[in-house]
Amino acid sequence: GFCTPGFVMSMYALLRSSKQPPTKEQIEDSLAGNLCRCTGYRPIIDAFGVFAKTDDSLYTASPSESANGKAICPSTGKPCLCRNETDVNGNESSLLSSVKTYLPSSYNEIDGNAYNEKELIFPPELQLRKIMPLRLNGFNGVRWYRPLKLDQLLQLKSCYPEAKLIIGNSEVGVETEFKNAQYGVMISVTHVPELHTLKVEEDGLRIGSAVRLAQLQDFLKKVIAERGSLQTSSCQAILRQLKWFAGTQIRNVASVGGNICTASPISDLNPLWMSTGATFQIIDVNNNVRTTVAKDFFLGYRKVDLKDDEVLLSVILPWTRPFEYVKEFKQAHRRQDDIALVNAGMRVHITEAEGNWIVSDVSIVYGGVAAVPLTAGKTESFLVGKKLDYGLLDEAFNLLKEDIPLAENAPGGMVEFRSSLTLSFFFKFFLYVTHEMNTKGLSEGLDVANMSAIQSYTRPVTTGTQGYELVRQGTAVGQPMVHLSAMLQVTGEAEYVGDTPTPPNTLHAALVLSKEAHARILSIDDSVAKFSPGFAGLFLSKDVPGANNIGPIRFLQKKNIGPIIHDGEVFASDVVTCVGQIIGIVVADTHDNAKAAANKVNVKYSELPAILSIEEAIKAGSFHPHTTRCLSKGDVELCFASNTCDKVIEGEVQVGGQEHFYMEPQCTLVWPVDSGNEIHMISSTQAPHTHQKYVANVLGLPLSKVVCKTKRIGGGFGGKETRSVIFAAAASVASYCLRRPVKIVLDRDVDMMTTGQRHSFLGKYKV
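The notes below deal with the structure included here. On a predicted model such as this, the values are computed, not experimentally measured, just so you know.

## Points about the overall build of the protein chain
Helix and strand counts for the protein chain come out as 24 helices and 29 strands. Within the protein chain, the proportion of its 767 residues that are buried is 42%. In the structure as shown, the protein chain presents an accessible area of about 40,800 Å², 53% of it carried by carbon and sulfur atoms.

Laid out in structure tokens, this is it:
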């Protein structure tokens with residue numbers, strides 16, 4: 001239920017913004033940015049599928065029947081057996097005969113404009129309120145401005161040349177949250193009308209730099225419908241690429257200019273701006289406007305041709321000419337909401353000369369292969385003036401290998417695969433252009449195999465059927481009953497640890513983690529952290545009132561921590577054995593201040609030899625005793641010794657580590673009771689009894705003085721059985737020593753770094 005409110009709000013946003021009932025394709029697209037870990041996507045999409053129906057009588061009227069007497073299912077609109085008392089098919093009668101149908105509720109006002117009196121709407125007084133320029137002051141001297149005119153923006157830029165421009169915060173938010181970037185001045189340009197231009201002009205489209213990607217999608221659809229395909233090949237390519245650009249939530253806030261100026265090497269759009277011949281208009285603080293072509297704009301890794309006193313004003317996307325074709329490419333691990341391994345934008349203009357159709361202009365640009373999008377210059381030069389036919393391919397492939405080199409140690413890995421993608425993208429482009437020319441009767445058609453290469457990826461709407469028999473066992477078991485927390489979870493009212501109201505004077509905790517895989521701790525310096533805003537304390541192994549080494553319930557006398565091998569510590573005291581091991585815990589008045597202070601704790605190490613793989617550990621004999629496992633079937637020794645086997649097969653299987661990926665991160669709220677003689681906590685754990693034992697041991701308290709409560713958790717999957725306790729133990733030390741409540745909620749990156757995850761495995765077999 002932890003992810004349920006997100007799904008509900010994504011669906012609700014789609015309904016509120018749609019003037020027509022959404023299609024099932026739109027419903028699935030709207031959920032592309034939502035993650036589910038346990039329920040599964042099929043039942044969620046099934047539940048939301050009712051909103052795609054235009055005829056409410058399907059749900060409110062008596063069941064309709066088809067010609068053969070079978071009921072029409074309201075969810076699919078097709079004949080089904082879900083309402084029949086008995087099934088004509090004897091093989092399925094036992095499975096479906098006792099199925100009781102629960103009809104979905106109708107939704108009469110689905111057009112997004114008409115609401116009943118209970119429907120919450122955006123407060124009209126806020127819509128009518130006059131928009132004002134804003135200046136806000138934040139923590140650590142951060143200043144935030146919101147100008148309303150371009151002149152105001154340029155004036156601010158002249159005063160603060162280093163200021164960061166913000167629109168959707170989808171990039172800067174990542175930098176400040178996960179990369180500890182600090183920006184003293186931020187300027188929100190969401191209300192500057194000159195940057196939100198969307199115009200159809202004689203030489204092409206003018207697209208303001210602050211235009212949201214979702215707005216660009218809608219605009220391109222309208223232009224393509226009005227202008228037809230002749231002038232809009234580039235528009236169609238960008239529109240197709242935007243379909244696989246992030247998810248709906250990101251496209252709603254992320255902007256065209258933000259994506260350009262971020263200059264990410266894997267940007268899906270920048271290779272297309274370059275290949276289509278787009279130009280960028282740039283304005284400086286003195287209102288001087290200059291124009292640069294997209295191909296010259298990207299200078300290096302996240303460096304662009306934009307001075308501190310300049311702002312990207314707009315993008316000019318030119319119309320395509322007759323016989324000019326533009327195509328986009330992107331390959332990622334998955335289709336939706338994923339970053340590219342390699343992407344590309346390609347354009348070619350073909351003209352007739354002496355009865356032959358030759359290449360007069362071509363542009364081939366790849367992303368994801370270097371620090372900046374790469375232009376295949378040699379290949380372009382070779383193609384110009386040539387007739388586009390199969391005879392060109394071999395030479396073009398050889399030149400592409402020279403134009404787009406990938407070193408063996410290239411960032412991102414998978415070098416052989418990515419190199420092959422650069423060639424296959426060009427081959428697909430060649431086939432695409434050949435097919436387009438064939439539709440005009442100007443070239444030979446493609447065979448069936450090659451046709452498959454140019455068909456755009458389409459996936460049918462998700463469908464699924466679940467058949468099950470209802471067999472009552474007692475009062476509830478075996479029945480499709482709504483569980484007690486369901487309404488709380490779908491309305492977002494269910495309380496998890498993070499939602500629990502905190503007591504007065506609660507402190508927030510952040511961890512100081514090892515940055516070395518194997519090292520001896522030489523010193524821990526908190527002199528800078530002490531002066532960080534809101535700092536309340538740093539606690540290390542020496543501050544633990546009880547045992548720093550703690551262990552599972554049945555091994556408490558060993559005073560060690562660990563689910564299998566009991567050799568861990570709450571806080572590393574002398575030697576760290578992995579990146580992400582806890583060295584200390586910082587508490588401060590807010591979560592952000594605690595993180596900032598923890599980042600200022602300086603730990604010095606003396607590196608020790610590190611073993612980083614199972615193979616290295618076996619070679620060095622560095623593994624725990626009695627941990628090898630062998631499964632055998634048959635008289636193995638006799639068989640292999642007999643030399644009579646027809647064939648002996650040997651090999652090994654490597655299985656990598658795996659993140660448990662619970663939706664709710666590790667979190668605990670700890671507070672002292674009775675002047676610190678007791679400790680109470682609410683934890684997101686699968687084993688509250690284990691928390692009680694561990695924390696009592698760490699604090700040196702009897703079990704009767706430690707209470708752990710768990711109402712519900714937002715997923716665990718084994719990751720909150722033994723690994724959750726160390727965070728509760730660390731927070732309890734700070735709470736006990738300061739006699740104040742302490743709340744610890746791990747950020748996702750910290751959680752994945754420090755919890756250990758599921759282990760990798762190496763298996764060897766002989767058959």
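## As for the packing of aromatic side chains
Remark: the centre distance and the inter-plane angle together describe each pair of aromatic rings, the angle taken between the planes. Under the counting rule described, the total for this entry stands at 10 aromatic pairs. With centroids separated by 5.4 Å and ring planes inclined at 85 degrees, the aromatic side chains of Phe297 and Phe298 adopt a geometry described as edge-to-face. Exposure remark for Phe298: the relative accessible area of 9% places this residue in the buried category. Here the aromatic cluster, defined as three or more aromatic residues joined through ring pairs, consists of Phe280, Phe297 and Phe298. One residue, Arg739, lies across the ring of Tyr736, its end atom 4.8 Å from the ring centre. Arg748 extends its terminal NZ or CZ atom over the ring of Phe661, reaching a point 5.5 Å from the ring centre.

## Digging into unusual backbone geometry
The residue Glu354 is not glycine, and still its phi comes out positive at about 55 degrees. Positionally, Glu354 belongs in the loop between strand 15 (340-353) and strand 16 (356-367). By relative accessible area, Glu354 is classed as exposed at 83%. Residues other than glycine seldom take positive phi values, yet Asn643 does so here, at roughly 60 degrees. Summarising the element assignment, Asn643 is placed in the loop between helix 21 (636-641) and strand 24 (650-655). Given the relative accessible area of 72%, Asn643 is considered exposed.

## Details of helix 10 (residues 233-243)
Extensive coverage of helix 10 is indicated by the burial of 8 of its 11 residues. Of all the residues in helix 10, the buried ones are Ser233, Ser234, Cys235, Ala237, Ile238, Leu239, Gln241 and Leu242.

## Details of the pattern of salt bridges
Following the criterion strictly, the structure yields 21 salt bridges and no others. When the shortest N-O distance is used, the salt bridge between Asp268 and Lys330 registers 2.8 Å. Residue Asp268 is located in the loop between helix 12 (256-262) and helix 13 (270-275), and its partner Lys330 is located in strand 14 (residues 324-332); the two are separated by 62 residues in the primary sequence. By the burial criterion, Asp268 is buried, and Lys330 matches it. One salt bridge connects Lys542 with Asp543, and the closest N-O pair in it is separated by 3.5 Å. Taking relative accessible area as the criterion, Lys542 reaches 67% and is therefore assigned exposed. Note on Asp543: relative accessible area 23%, which makes it partly exposed. Taken together, the shared-partner salt bridges in this structure form one network comprising Arg321, Glu324, Arg347 and Asp361.

## A short note on the sheet that holds strand 10 (residues 289-293)
Here 5 strands make up an open sheet; going across it, the order is 7-8-13-9-10 and the pairing antiparallel. Each edge of the open sheet is held by one strand with a lone partner, namely strand 7 (198-201) and strand 10. Sheet twist, expressed as the average angle between the axes of neighbouring strands with direction ignored, equals 25 degrees. Bridge count between strand 9 (residues 279-284) and strand 13 (residues 310-318): 6 bridges; the pairing is antiparallel. Bridge pairing links Ile282 to Leu312 in strand 13. Along the sheet, helix 7 (residues 150-159) makes contact with strand 9 and strand 13, crossing strand 13 at roughly 130 degrees.

## Notes on the sheet that holds strand 15
Reading across the sheet, the 4 strands line up as 14-15-16-17 and stay open at both edges, with antiparallel pairing between neighbours. The open sheet has two edge strands with one neighbour each: strand 14 and strand 17 (374-375). Where strand 15 meets strand 16, 11 bridges bridge the pair, whose relative direction is antiparallel. Bridged to Gly345 within strand 16 is Val365. Here helix 10 sits on the sheet in contact with strand 14 and strand 15, set at roughly 10 degrees to strand 14. Sheet strands in contact with helix 16 (residues 415-439) are strand 14, strand 15 and strand 16, and its direction is about 35 degrees off that of strand 15.

## Description of helix 16
For an α-helix the count is 3.6 residues per turn, leaving residues at separations of three or four pointing the same way. The first and last C-alpha atoms of helix 16 sit 36 Å apart over 25 residues, in line with the 36 Å expected at 1.5 Å per residue. Gly441 occupies a position one or two residues after helix 16 and carries a positive phi of about 75 degrees.

## With respect to a nonpolar patch on the surface
There is a patch of nonpolar side chains on the surface, built from Ile649, Val653, Val655, Phe761, Tyr765 and Val767 and spanning about 570 Å² of accessible area. Contributions of two or more residues to the nonpolar patch are made by strand 24 and strand 29 (761-766). Position of Tyr765 among the secondary structure elements: in strand 29. Accessibility expressed as a relative area gives 37% for Tyr765, which makes it partly exposed.

## Notes on the pairing of strand 15
Residues in a regular strand project their side chains so that they alternate between the two faces of the sheet. The buried fraction of strand 15 amounts to 11 of the 14 residues, a majority that puts the element mostly inside the structure. Judged from the 9 bridges that link them, strand 14 and strand 15 form a sheet pairing that is antiparallel. Counted as the bridge partner of Glu328 is Gly345 from strand 15. Count of turn residues in the strand 15/strand 16 antiparallel hairpin: 2 residues, of which Glu354 carries a positive phi of about 55 degrees.

## Digging into the packing of helix 15 (residues 393-403) against helix 16
It is at 10 Å that the axes of helix 15 and helix 16 come closest, and there the two elements cross at 145 degrees. Helix 16 is crossed by helix 15, and the crossing has right-handed handedness. Between helix 15 and helix 16, the contacting residues are Leu393, Ala396, Phe397, Leu400 and Lys401 on the first element and Thr422, Leu423, Phe426, Phe427 and Phe430 on the second.

About the cut-offs
Residues numbered from 1 in each chain as written. Predicted model: local features only at pLDDT ≥ 70, side-chain atom pairs only at ≥ 80, totals over all residues. Heavy atoms only, no water. Helix = DSSP H or I, 4+ residues; strand = E, 2+ residues; numbered from the N terminus. Buried < 20%, exposed > 50% of the residue type's maximum accessible area, 1.4 Å probe, protein only. Areas by Shrake-Rupley, 256 points an atom, 1.4 Å probe, with all protein chains shown as cover. Phe/Tyr/Trp six-rings, centres within 6.5 Å; stacked < 30°, edge-to-face > 60°. Lys NZ or Arg CZ within 6 Å of the ring centre and 35° of its normal. Salt bridge = Lys/Arg side-chain N within 4 Å of Asp/Glu carboxyl O. Pairing = 2+ DSSP bridges. Axes fitted to C-alpha atoms, helices over the stretch in contact; angles between N-to-C directions. Contact = heavy atoms within 4.5 Å. Expected span 1.5 Å × (residues − 1). Patch = residues over 30% accessible without salt bridge, like charges linked within 9 Å, V, L, I, M, F, W, Y side chains within 5 Å. Left-handed = near helix turned anticlockwise from the far one by under 90°.

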